[in-house]
Every structure is written in C-alpha cells, then in structure tokens.
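Summary of structural features
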Amino acid sequence: MKTEKNDIKIKVCMGPGGIATGGADVIKVFKDDLASANIKAKIGKGCSLHKVGCFGLCARDVLVDVIVGKNKTTYQYVKPDMVPRIVKEHLIENNPVSEWTVGDDYYSFYNKQIKVVLSEFSEVDPEDIDTYTAVGGYEATKKVLTKFTPEKTIAIIKKSGIRGRGGAGFPTGVKWEICRKVESDQKFIICNADEGDPGAFMDRAVIEGNPHSVIEGMIIGAYAIGATKGYVYVRAEYPLAVERLTIAIKQARGKNLLGENILGTKFNFDVRLKLGAGAFVCGEETALIASIEGQRGMPRAKPPFPVHSGLWGKPTVINNVETLANVPYIIRKGADWFSSFGTEKSKGTKVFALTGKVKNTGLIEVPMGILLREIIYDIGGGIEGGKAFKAVQTGGPSGGCIPAELVDINVDYESLAKVGSIVGSGGMVVLDDTDCMVSIAKFFLEFTQAESCGKCVPCRVGTKRLLEILDRITAGKGREGDIELLEDLGNDIKLSSLCGLGQTAPNPILSTIKYFRHEYEAHIKEQKCPAKVCKDLIEYGILEEFCKGCGACLRVCPSKAITGEKKKPHIISVDVCIKCGACFDVCKFKAVKKE
Amino acid sequence: MATLTIDGKTITVVEGTSVLDAARKLGISIPTLCHHPKLSPYGGCRMCIVEIKGIARPVTACTTPVSEGMEVSTSTPYLEKLRRTILELILSDHPNDCMVCEKAGDCVLQELAYFYGLRENRFAGERRIYAKRDGNPLIERDMEKCILCDKCVRVCDEVQRVRAIEIAYRGFKSKVCPPYERDLDCEFCGQCIRVCPTGALTGKKWALKGRQKDIKEVDTICPYCGCGCNLTLNIRKNEIVRVTSKEDTLNEGWLCSKGTFGYHFVNSPERLKNPLIRIAPKSSEFGVRSSELKEKLQTQNSKLKTQNSKLFREATWDEALDLAAKRFREIKEKHGHDSIGALASARCTNEENYLFQKFMRAVIGTNNVDHCARY
C-alpha cells in the first residue's frame, strides 16, 4: 500500500498473536469503515493502513498503532466491533479513545528490551519491499557487494561475535569461513526456518514481520561463502510465512537483488523455498538436507559436516532465521555496534518467545546476559494471578527447567548451560506453583518421543521408556528406584544418541529431577502431586462449611458427579468424578477442595 | 595414509577408512547390528560407539573416518555400560521368542544378548505388535522382531536399486514397509533376508526346515544363468533347506530371486534324471487338428510325470546321444545342413555357448545359431 501524504497511519499487528486474535477482521473493518466514512482518511490518500509484524506483547493483541501526524496512540485488545468508534472519535474527531489505549505498564514491557532483529517491525510492511528499503533495507547488500570482499564480510561477522541462534550457538563467522575455504563448483546456503519447539514462534514472527531481512542475510551469506543457490526450509504449517517469503523473493528478484548480476556486480544468487512436511527432526541440519534432497528426514552422523559435504554432497551453510536476520544490521551498523550488546562470549541480542504464567506474554528481544529476573518481572510483568514463580523452562524440549532460586542468573549460552538448560532457539515457558514439574517433563518427553525419527535405538526406544516411567509416576504407580532409573537411562540416551534431538531429549527430566527431586519423590512415595495437577493423584470434594448449595458446580459438572439440594451442601461422588476441575474453577466460595 | 592407535595397538590405514574397519584389521571386534561392509554406513544401532581422545562424547566407529594420530578405545567400562543399555532397550521391544525363532543360533541380537548376559530387563514396557500379513510365498516379514537397522532398506536401494521398502512412521512406531503399507510386491531377490541381523526377515520356503547349527554347507554354482553366481546349499538331512552365498565370491554374496528361492527343482519328483526316448508316434503324424493336438500334448506332458509312460522310455546317455546323432545325420542328408537351426539357453555359461555354436557350425555345418533370449 503505497501512500502519498501520510496524515494518518494505522498499523495493525499481523504477527502470529495478532492473527490468532482476529487481526485480519480488524483490518477488514478498518478498511470498510474508512471507506464508508468518506472522509479524507481514505486508504491511499491521506491515510494508510498497514499490516505489520509482531508488536511483541501478544497477550494484548490485537494491538493497533494509530499515528496522526506525529502523535502515536496504541490501542490494545482491539476487537472488530471497537473499530468504528476508533475511526469516528479518533480519526474524524481527533479524540483518542483513551479507555482502550495502553497504559504505562505497556511501555514497561519494552523498557529493558533492545531490538535489533525486531527493530523495524512497526515500520515495515512485510509485503512491501519499498517499506523495507525506506528504512535502510538492502543497503547492507549494496555495501557488501560493491565494497567488501567475501573475506572482509566474513571478518566483520566474525568480529561481531554472533553465534547461531538456532540453539547450538556455533559462531556464524567461523562457519562461513570454513565453508568459504572449501573448494567446490557449487555451494549452498540454507535458511533453517523449521521452527518446531512447542511454545516458540520467534522465527515465524521474524519471517512474517520482516522477511526481507532474512533474504538480505542470505544474500550476504551467499556472497561471503561463494554460494549461488539458497534454500529457505520453512514449515508448511506457517502458511503466512510461506506467503510473505514468496512475495518477498519475487519482489527482491524484481529489484535485481536476487537473480543474475545482482546490482550489476556479476554476483549471481537465487533463493528457493522448500516446505517442510511437519517433522520436528528436520530442524536438525543433516535431516533438513535429507528432506530437501527428497529423502526421509533422518539425521546422519557427523562428520562430515554440511560445510564440507551438505546438500547434494556440496559445501553448505545452514543458518537459523534469526541469525540471518541479524546479518544486515551487523553490516549496516558495524561489528562493534553489535558486540556492544551481550556478554563476553555471547554477543548481541536474542529473541525469546515469553510464554506461560507471566502477565505479559509475547515476543521479546533482549541483550544477551540480561538477568532472568528482569525478563520475568520487568518485561514479563511478574506472575499472573499473584501466584508464586516456580521455574522457567528454556530451550524447548531440548532445554531444561531453571528453578526460582536461580532467577538471578544471566541469560546467555554459558550461564544457562551451567545450570543444565540451554538458550536453544528461544522458547521461554514460565511456570508457577500450580505447575507439576513431573507433568512438565512428561509434556516435553511426549513431544520428543513422538518426534524422534526412529533411526537410533537410544532415542527411538529410550525416550519411549522414559515416557513410560513418567507415565506410571504421574499415575501414582511409580516404583522405588524409578528416579534413579530415569537419571541413568536419561544420561545414557544423552551420551549415545545420534543427533541433537536424542542427545538433549532427557534434559527436561534430568533438570527437573535435579531441582525438584522432592516432587518426584512425593509422587512415588506418598502418591501425591504437590502441585495438584496429576489427575490420578488428586480427589475433589466439597467443604460443607463453605458450600452454600448454589448449584453452580452441579450445573457445570459434565459427568453428573455432583448431587445435592438447593441451599444445602452438595456432594461429589468420587466414583463418577472425572477430575476435570470444572467445579473447582466455578465455585465462588472456595468450597471445592482438591487434594 | 593415516596412523592411529586402537586399544593401544597401532595401525596405518588409507584415509577415509572407518574406525570400525581399522579395528577389524587389527582383529579387534566391535559389536554392531546395523553395519554391513558393502552398504553405506548408518550409525543407527549405536552399538559400535567408541571413545576417541579429544572428543567429548562417544562416536560410532562405523561412521567415523580415521585421522592421523587418533587414539581410540573400543571397550571401556563406560562404553560397555552404554552398549548394555542400548541392547536392553532393543530387547525391551523384542518378542524374545528365540525358542521358536528361525534365526536362533544365527542371530546377531541373540549373540550379543548372550555375551552381555542380558536376561532381566529394566525397561520392559510396551512392545510393537504387528500382524504378519504378506500374501507372497517367499519372504516372511515379522516386524515385531525388526530392530530398524535399515540394512534391508539399504540393500534394496544401494545394491538391488529397487527401493521397495523404506522406514515409515516416526519414533517408536517406525516400521520398515513397502509404500502405503501395502503387501510386499518386489523382485523378491531376498537380499533383505540375507542382511537381516534378526529373525525379522526370513524365507517362507524354509520355515521349520532346520536352524543353522544343523546345516551342512555345500558350495556350488547357480545353474540358472550364465552369470555363474556362487551358491552355498544349506543342507539338512540330505535336503536343501535354503540357499545362501558367501561374501568372498565373484557375486559378493548377492543373489537374485532364482538363486535364492529357485532350488526346489532339485528334490522335485518331476525332475528328469535320465534321458527319455519317445516310443509313441508324434501326434502330427495322425493328422489331428490343432485344438486336439493341444489337448493331446497336455495329456502327454502330464504323463511325463511317470517316466516310463507309454510315450517315453528311459534310456542311457550313450543310447540317447547315439539316437540324436543318428537323427541329425538323417535330417542333414535328406534336407541339407541349413535345415537345422538351434537356440542356446541363457542358462549356459560362456564356454558352453562357445562349444554350442562351434558344434553347430563345425559339426552340423550351419550358421543357424541363435539365443533363447531373442524369442
């Protein structure tokens, strides 16, 4: 949507959170209303409407920025039916609807964040290359192709200290340098956009919010290593990311930023999309390569590493979305600028998907080395519902749980590894005292177990056995020695599995045993779930002294387990109860007990 | 060349050699279930893990190439513990019905379980349950015994170039099967049976015919074609129960469907062991119509089963050859040498075919020589 004089700009969050909460409907109503209002605020004339990438604070979506002249107003929790009033009062009468705008607490979410990869999300229309170039996009490409040698480019990336953002944290510059030095008639660069960790949506947001930054990173990477072909391996479950990448690639070709003789420099490079078919393990680089080649997505042993023998046996660099999206900014603003953020060994910023029991869930970008406390309390706004912070799970199914007592650790590659977790791709699930740690471990194990490719024994059978043991513990059938068995088998799986999936799959179990062993013991020895989560270990009952006999629980019970006369204490029949917890949630008098 | 030490012993091998092969050259055996010297390395069973100085975690010997100065340990308590766990995991999802298994005594898994003394299993749990359902008469697939070593998949792809099977599903549910889990419908070369380390793939033809310990091996050459593959007949109680081939042969131990499964003619009651001479007049001499002729021929063929029928009588080789020579001469004299033509068989060796054409040209005196494969 090109605009001439922008008196009014409306920016609607169309990131993963925005779309999920109805961003598309909001945009539609805006469009219709603006048209029917028949004022100067018509799209394309004095007013422009943009769908932009993730604003960050997904918990308050749909977020809408309305910019009149130089005044920016942000609306939160926008629903389609709120739009007409915003149009009428704000756009026509110039009176912002103050009851719907964000308060100071909204800005505290951003105060401690430093945005690099996400910095231009509110400026760039992901489907319009001109909005990207308007904020300096593709300048890094021009700079590199016309002024730098590949070696110089690699030197800058090396100097910046950026490490792979996909999880393993391998220095990107070093990877490029190794690949540069391998002689071959053909090299490839692959962008790994097969983001699959439960609760993680960083890469998705980056692609959907600013796809050109990823493509630009690929062009620079390709030039540096000497590749002429690139692939973006993206999940088919991210249709919008696929759509926006497709548009972005087309637009980049149109501007001669992809294709032959890029910007007249004799450098040829083009990008193809390859859609993943829904296998988590294809995020592992050798499995990803197999998948592009049309094989079953199974990892193979390394060495040889892909930089030596990758796609179709040719030297291949595989970088994560976020890593590549950082590259243009490093080139534009310099290695020193980038390395001014972060710690000695972990440079730059990292995007995290902050989810779970914090007030402000969403997409955040913070400097490496930030305190975990700052993320949870300052950015995240603390635990929702005034409950107690218990632990945070980082790194998805490959990561571990960090208990509340370690809340003052730095969030960087080394510090997290020291306490038995990982930065990983950037998932961060906050847990409170109503979360059962055994169940959390089981949740992640269920995932890795189902996503194991089946190639190697420890992962294929081992994760299954771990899960079976967890199953019986949460069902109150745990045996003496089960904790030791979990530890023993978990460690053996870590040591003997073929790829990263198996080598890290036991982490959620091992870290929860390390910090919450007493919870496991309570399940096994006392048949009790301290967090009162495991259905087989809890029982619902009614406290007669509190029950008013209102019948709310009786009405909500799906299995008709509750009986009782009006205004007299009700009774739950334990045999019929399916332990769904509906009565517990609905009772206003705290008369339903859970033990 | 690269020089490395394995368990304290030094060896120099060609670069690119795997640690496993280097160890084998030194006579050090490393247990493995998924490795086959003629197939690409896989690294799936994890039994061949070794420790290499300077590398934090154990690596698989089958997939790791040697490098100069490498120091390898193949059997430390640490490694043996991991191997034990791996074996235990495999056995926790295995029927463990060795008592009735065709493969008992010849099974790599059983052998390893024996050496690691595994009887109890800490990880007993759910087992994969699959029905045997293939309708084919040759290959029995008992997928409950499959350990997903991928050898059958690789031999089918890399050696046979058929790719009739692949691993489907994920994780614990992974299963080797034909596309869309249809019944096996392939060349039935049986290569997959040959490389299977367990009783997951066996020959239906040799079910309950005897296990390997009772087998007497007799080496011979395959009679089916001119390739001359080396066969090893597996004989029990003077009956061929199956056919295998050794790896150090010109066919490298690989056989085709006929070589593997086509041995039943040997003990067939229909097999001709002596020459037969026709005693009944030919049907064409009666001037019968073609349909009747067909019927008659069918009767004749069925009568062949009894060797001394009214159509044929048994003869000695001398008598039969004399008769054939006499008849050839008569035809030649009466109709000329070019009235005779002959087709050689694809089963013949090169040498036999040479002699055949020599006989036709020099003895019969005709160039009417051809080959059955053209018809």
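Fair warning: this is a prediction, and the values are worked out from it, not measured in the lab.

1. Describing the overall build of chain B
Counting secondary structure elements, chain B contains nine helices and 16 strands. Projected onto the principal axes, the alpha-carbon positions of chain B cover approximately 90 × 50 × 40 Å. Taking all 375 residues of chain B together, the buried fraction comes to 44%. For chain B, long-range pairs separated by at least 24 residues make up 61% of all intrachain contacts whose partners lie at least 6 apart in sequence. On chain B, roughly 21000 Å² of surface is accessible, and the fraction owed to carbon and sulfur atoms is 54%. Across chain B, the centroid of the 59 positively charged side chains sits 4 Å from that of the 48 negatively charged ones.

2. Notes on the sheet that holds strand S10 (residues 216-221) of chain B
All names here are of chain B. The strand order S10-S11-S12 describes an open sheet built from three strands, whose pairing is antiparallel. For this open sheet the edge positions go to S10 and strand S12 (239-244), each flanked by a neighbour on one side alone. For this sheet, the mean inter-axis angle between neighbouring strands, taken without regard to orientation, is 35 degrees. Of the pairings in the sheet, the one linking strand S11 (residues 230-236) to S12 comprises five bridges and is antiparallel in character. Across the sheet, Thr-232 pairs through a bridge with Thr-244, a residue of S12.

3. Things to note about the nonpolar core
Grouped together as the largest cluster of nonpolar side chains are 101 residues, with contacts concentrated most on Ile-190, Leu-486, Ile-509 and Tyr-520 of chain A together with Ile-139 and Val-176 of chain B. For this core, the element with the most residues is helix H18 (residues 457-474) of chain A, which contributes eight residues. Setting aside residues no more than four positions away along its own chain, Tyr-520 of chain A makes contact with Met-437, Val-438, Ala-441, Leu-470, Ile-473, Ile-483, Leu-486, Ile-509, Thr-512 and Ile-513 of chain A. Counting residues in hydrophobic clusters, the runner-up holds 66 residues, among them Leu-145, Ile-225, Val-321 and Leu-324 of chain A.

4. With respect to the packing of helix H8 (residues 172-181) of chain A against helix H10 (residues 211-225) of chain A
Residue and element names in this part refer to chain A. Two elements in contact, H8 and H10, have axes separated by 8 Å at closest approach and are oriented at 45 degrees. Considering the angle they form, H8 stands oblique to H10. Contact residues: Trp-176, Cys-179 and Arg-180 in H8; Gly-217, Ile-220, Gly-221, Tyr-223, Ala-224 and Ile-225 in H10. Residue composition of the contact of H8 with H10, grouped by class: six nonpolar, two polar and one charged.

5. Some remarks on the side chain of Thr-366 of chain B
Residue and element names in this part refer to chain B. Tracing the backbone through its elements, the reader meets Thr-366 in the loop between helix H9 (350-364) and strand S16 (369-371). Residue classification places Thr-366 among the buried residues on the basis of a relative accessible area of 2%. In terms of polar contacts, Thr-366 uses its side chain to reach the side chain of Asp-338, at 2.8 Å. Dropping the residues within four chain positions of it, Thr-366 is found in contact with His-337, Asp-338, Ile-340, Met-360 and Arg-361.

6. Some details on the interface of chain B and chain A
Taken together, the contacts link 35 residues of chain B with 34 residues of chain A. Around 2900 Å² of area is buried between chain B and chain A when both sides are counted, 54% of it from carbon and sulfur atoms. Counting the contacts that link chain B with chain A gives five salt bridges. Here Lys-81 of chain B ties to Asp-492 of chain A by a salt bridge, and the two come within 2.7 Å at their closest N and O atoms. Counting across the interface, chain B meets chain A through 21 residue pairs in polar contact (both at pLDDT 80 or more).

7. Quick word on empty space enclosed by the protein
Residue and element names in this part refer to chain B. Under the criterion given, the structure shown has eight cavities of 30 Å³ or more. One number sums up the size of the largest cavity: a volume of about 150 Å³. Along the walls of the largest cavity sit 17 residues, with Cys-156, Ile-165, Leu-184, Cys-186 and Cys-192 positioned nearest its centre. Per-class residue counts for the lining of the largest cavity are 13 nonpolar, two polar and two charged.

8. Regarding the domain arrangement of chain A
Residues and elements named next belong to chain A. We note that the domain assignment places domain 1 (8-102), domain 2 (129-339), domain 3 (349-432), domain 4 (437-525) and domain 5 (539-594) within chain A. Every contact between the two is made by 15 residues of domain 3 and, on the other side, 15 residues of domain 4. The junction of domain 3 with domain 4 conceals about 1200 Å² of combined surface from both sides, 67% of it contributed by carbon and sulfur atoms. In terms of surface lost to domain 4, no three residues of domain 3 exceed Lys-390, Pro-397 and Cys-401, which account for 42% of the buried area on that side. Counting across the interface, domain 3 meets domain 4 through one salt bridge. In this structure, Lys-390 and Glu-519 form a salt bridge, with 2.6 Å as the shortest nitrogen-oxygen distance. Between the two partners, domain 3 and domain 4, sit five residue pairs in polar contact (both at pLDDT 80 or more).

Calculation rules
Residues numbered from 1 in each chain as written. Chains lettered and ligands numbered in written order. Predicted model: local features only at pLDDT ≥ 70, side-chain atom pairs only at ≥ 80, totals over all residues. Heavy atoms only, no water. Helix = DSSP H or I, 4+ residues; strand = E, 2+ residues; numbered from the N terminus. Buried < 20%, exposed > 50% of the residue type's maximum accessible area, 1.4 Å probe, protein only. Contact = heavy atoms within 4.5 Å. Areas by Shrake-Rupley, 256 points an atom, 1.4 Å probe, with all protein chains shown as cover. Lys, Arg positive; Asp, Glu negative; His and termini not counted. Charge placed at Lys NZ, Arg CZ, Asp CG, Glu CD. Pairing = 2+ DSSP bridges. Axes fitted to C-alpha atoms, helices over the stretch in contact; angles between N-to-C directions. Core = buried A, V, L, I, M, F, W, Y, C linked by side-chain atoms within 4.5 Å. Parallel < 35°, antiparallel > 145°, perpendicular 65-115°, else oblique. Nonpolar A, V, L, I, M, F, W, Y, C, P; charged D, E, K, R; others polar. Polar contact = N/O pair within 3.5 Å; in protein donor to acceptor, adjacent residues only side chain to side chain. Buried area = accessible area lost by both parts, 1.4 Å probe. Salt bridge = Lys/Arg side-chain N within 4 Å of Asp/Glu carboxyl O. 1 Å grid on protein atoms, 1.4 Å probe; cavity = no way out; pocket = protein on both sides within 12 Å on 5 of 7 lines; lining within 4 Å. Points joined across faces, edges and corners; volume = space filled by probe spheres on them. Domains from an automatic or database assignment.

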